[in-house]
Amino acid sequence: RAATVPSHTQSSPSVYMGSFYGTLVDPCSRASRVLLLLWCCFAILIHSSLGSKTLYFKWEVEYMYWAPDCIESVVMGINGQFPGPTIRAHAGDTISIELTNKLHTEGVVIHWHGIRMFDTPWADGTASISQCAINPGETFEYKFKVDKAGTYFYHGHYGMQRSAGLYGSLIVDVAEGEKEPFHYDGEFNLLLSDWWHQSSHQQELSLSSKPMRWIGEPQTLLINGRGQFNCSLAAQDSNTPFSRCNFRGHEQCAPQFLHVEPNKKYRLRVASTTALSALNLAIGNHKMVVVEADGNYVQPFAVNDMDIYSGESYSVIFKTDQERLDNYWISVSVRGREPKTPQALAILYYDIEEKIKKGLPTSPPPIAPQWNDYDHSKSFSNKILALMGPHKPPTHYHRRIELLNTQNYINGHTKWAINNISLTLPTTPYLGSIKHGLHNTYDQTSPPDSFPDSYDVMKPPINPNATQSSGVYVLAFNTTVDVILQNANALNANTSEIHPWHLHGHDFWVLGYGEGKFSEKDDEKKFNLKNPPLRNTAVIYPHGWTALRFVADNPGVWAFHCHIEPHLHMGMGVIFAEGVNLLKAVHVPNEALSCGVTGKMFIPSNRN
């Protein structure tokens, strides 16, 4: 008989071998030798997978009272936590999360930012794209493999639930037995976000109003869900107008202390899930060496401070080589927008053997570069290069799509548009519609691959009106696609904003950045094809362009959008579909598609 393997999968795979060995009556017989050879092959396969596990979680998403910045508000939490629980896994592990919606009156989904979801596109967590929103009281199982080590996070992807606090960290360590290409003695994780006292529902209404009511800058920046409103940890510094914070009765907003030992190397993982703010991170008196970006290793380079845009993640290495009798500020400041939000602060605390009680740092927090010093930002972006390895980009592309980012009006409502089309999402998820050939559920006209050559990206649009569509870019499977993100002037003169764009289901190579309008003749020859970084999020600077390249090798339907929450809400995104016909052999849970038109397909019939 063959070996009997338990039908249920455990975190640590196990194999029952007794019944197999019971067949080996004559070890010299030919049949026994064949069986022994088969068993050895089977054992090798089992041994190779021993390092991979399935990690099980049960989560409940609900609103709760919390004080992220010492002002009590309503936040979206998971299992009573804000931010949500940190997931820690190894590359090759499978994660299973039973998510129950306890919100009572609205749906929910969670996107696993940076996880490529090979073979499980339905688990990407994008409402109306890869799945239906999970209704109140319902439970949905996300099950997917984390194939690559790196610093990731998760967040809500329905309405503006990320602004409501639905987010957390997802850390993937290297597979068992493997090593990172750099050494460190310990590590910390910082998840950065921004916070409004106005609820996410009020923000949605304001952005959808006619005329639009802009939500303004956030009241507070948060580090691991903690910030301080209308007070400052650094109040003893004469440059701050705020009084000293009092945390008595406000432990939820007390600052983070990162305890370190002298003369060690530490890895600091940093991810930004901000809804609006571009940020700058610095550690007082400590240089940082950047070693990872969006789950991909980069050529190490040292910086005094670093910009981080919404959707990006990094790892840096720093040495604790400063005066051990002092402590040091970790500062997070606004970049790319006129800062009306104070710095967020945490403390790097040197633990020493001497019984000396140390207070807050005696020096002032690091001063960030000027908010509109884009040369500083571009210098940092251009230093990010891939660690040399096998993952070089194809030298040629099959299709190029140029995406013009503009601000427009539609029936008097302010919108963001791509190639003059503002994205609207259908009630039936694209994945189900395309998989089952339901052509009446979304616009069948593909959006344009480019925009008129005569468009002046340095001036407001001559015709500010745009249209809405739920159309899809259908990409030929396994082809190489270039995307040119072209920034333009907004509705107001001399105004162009930073936009961080995030691609679901893929990493892409960032081939280059440029000023003004992209020119195929002049700019393509500047592309970096030698060691461009692999990312899942890339920024376009004001009045500039960014060139990306990726291979459409992941069957599914994938969002590509600005990661600024209000901009996506106002239509700043596109949809890519590739190889959906190849999913016929892949089990897609009915629950993922059972809404809109596809919902009727899964309702059991009582007819005979």
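Where an unreviewed UniProt entry is consulted, the protein appears under the name L-ascorbate oxidase, with the organism given as Davidia involucrata.

## Brief notes about the overall build of the protein
From N to C terminus, the protein includes nine helices and 32 strands. Across the 608 residues in the protein, those meeting the buried criterion constitute 56%. Partitioning the intrachain contacts of the protein with sequence separation of at least 6 by distance along the chain shows that 77% fall at a separation of at least 24.

## Some details on the pairing of strand β15 (residues 296–303)
Note that strand β14 (residues 288–293) and β15 share five bridges and pair antiparallel. From the neighbouring strand, A293 faces β15, where its bridge partner is N296. Here β14 hands over to β15 after two residues, with D294 in that stretch at a positive phi of 55°.

## Details of the sheet that holds strand β18 (residues 328–335)
Spatially, five strands are ordered β11-β19-β18-β13-β16 in an open sheet, and the strand pairing comes out mixed. Two strands bound the open sheet, and with one partner strand each, they are β11 (257–260) and β16 (305–308). Ignoring strand direction, the axes of neighbouring strands in this sheet form an average angle of 20°. Pairing of strand β13 (residues 278–283) with β18 involves six bridges; the strand directions are antiparallel. Note on β18: the bridge partner recorded for A282 is S331.

## As for the environment of Q322
Its place among the elements puts Q322 in the loop between β17 (313–319) and β18. Each C-alpha atom, one on Q322 and one on P262, is 7.7 Å from the other, the two residues being 60 residues apart in sequence. If we ignore the near neighbours within four places in the chain, the residues touching Q322 are N285, H286, Y328 and Y350. Polar side-chain contacts of Q322 include one of 3.2 Å to the backbone oxygen of N285.

## Points about the pattern of salt bridges
Scanning the model with the defined rule gives 23 salt bridges in all. Of the charged contacts, one joins R116 and D147 as a salt bridge, the two residues approaching to 2.3 Å between their closest N and O atoms. Pair noted here: R116 is in the loop between β5 (110–113) and β6 (139–145) and D147 is in the loop between β6 and β7 (150–156), with a separation of 31 residues, a long-range link. Among the ionic pairs, E520 bridges to R400, the shortest N-O distance being 3.9 Å. Linking E520 in helix α6 (residues 520–523) with R400 in strand β20 (residues 399–410), this pair joins segments that are 120 residues apart in sequence. A residue is classified by how much of its surface remains accessible, and E520, at 47% relative accessible area, is partly exposed. One salt-bridge network, in which partners are shared between bridges, spans R400, D482, E520, E524 and R549.

## Re helix α4 (residues 374–382)
Buried within α4 are the following residues: S377, K378, F380 and S381. The buried residues of α4 occupy one face: seen down the axis, they fall within an arc of 160°.

## So, unusual backbone geometry
Here the amide bond leading from F82 into P83 is cis, since omega sits at -15°, within 30 degrees of zero. With respect to the helices and strands, P83 occurs in the loop between β2 (73–78) and β3 (87–90). With phi around 65°, N230 is a residue other than glycine that occupies positive phi space. Residue N230 is classed as exposed on the basis of its relative accessible area of 52%. A positive phi angle, close to 70°, is found at N420, a residue other than glycine. The topology assignment puts N420 in the loop between β21 (413–418) and β22 (421–423).

## Examining the state of the cysteines
A complete count under the given rule lists three disulfides for this structure. One disulfide in the model links C132 with C595; its S-S distance is 2.1 Å. Because the torsion about its S-S bond is -95°, the bridge between C132 and C595 counts as left-handed. Of this pair, C132 sits in the loop between β5 and β6 while C595 sits in the loop between α8 (590–593) and α9 (596–601); the two residues are 463 residues apart in sequence, bridging distant segments of the chain. Classification of C132 as buried rests on a relative accessible area of 4%. There is a disulfide in this structure between C231 and C245, and the S-S distance comes to 2.1 Å. Here C231 and C245 share a disulfide; its torsion about the S-S bond, 100°, makes the bridge right-handed. In this pair, C231 is assigned in the loop between β10 (220–223) and β11 and C245 in the loop between β10 and β11, connecting sequence segments 14 residues apart. One exposure class covers both C231 and C245, and it is buried.

## Looking at the pairing of strand β1 (residues 54–66)
When β1 meets strand β4 (residues 94–101), the two strands line up parallel, connected through eight bridges. Each residue of the ladder has a partner; that of F57, found in β4, is I97. Here β1 pairs with β2 via six bridges, running antiparallel. Its bridge partner being in β2, E62 is matched across the sheet by G77. The loop that links β1 with its antiparallel partner β2 comprises six residues; one of these, C70, has a positive phi angle of about 75°.

## A look at the packing of aromatic side chains
In the structure shown here, the tally under the stated rule is 30 aromatic pairs. Here F140 and Y142 contribute two aromatic rings whose centre-to-centre distance is 4.9 Å and whose plane-to-plane angle is 80°, an arrangement assigned as edge-to-face. With a relative accessible area of 5%, F140 lands in the buried category. What makes Y142 buried here is its relative accessible area of 0%.

## Notes on the nonpolar core
Counting 50 residues, the largest nonpolar core has W59, W112, Y142, F144 and L170 as its most contacted members. Per-domain counts for this core show at least three residues from each of domain 1 (54–173) and domain 3 (399–588 + 595–599). Contacts of Y142, omitting those with residues within four sequence positions, involve I95, S96, I97, L99, V109, I110, W112, A123, G125, Q131 and I134. In terms of nonpolar packing, the next biggest core, distinct from the first, is built from 34 residues, L258, V270, V290 and F318 among them.

Reading the values: the criteria
- Residues numbered from 1 in each chain as written.
- Predicted model: local features only at pLDDT ≥ 70, side-chain atom pairs only at ≥ 80, totals over all residues.
- Heavy atoms only, no water.
- Helix = DSSP H or I, 4+ residues; strand = E, 2+ residues; numbered from the N terminus.
- Buried < 20%, exposed > 50% of the residue type's maximum accessible area, 1.4 Å probe, protein only.
- Contact = heavy atoms within 4.5 Å.
- Pairing = 2+ DSSP bridges.
- Axes fitted to C-alpha atoms, helices over the stretch in contact; angles between N-to-C directions.
- Polar contact = N/O pair within 3.5 Å; in protein donor to acceptor, adjacent residues only side chain to side chain.
- Salt bridge = Lys/Arg side-chain N within 4 Å of Asp/Glu carboxyl O.
- Arc of directions from axis to C-beta.
- Disulfide = S-S within 2.5 Å.
- Phe/Tyr/Trp six-rings, centres within 6.5 Å; stacked < 30°, edge-to-face > 60°.
- Core = buried A, V, L, I, M, F, W, Y, C linked by side-chain atoms within 4.5 Å.
- Domains from an automatic or database assignment.

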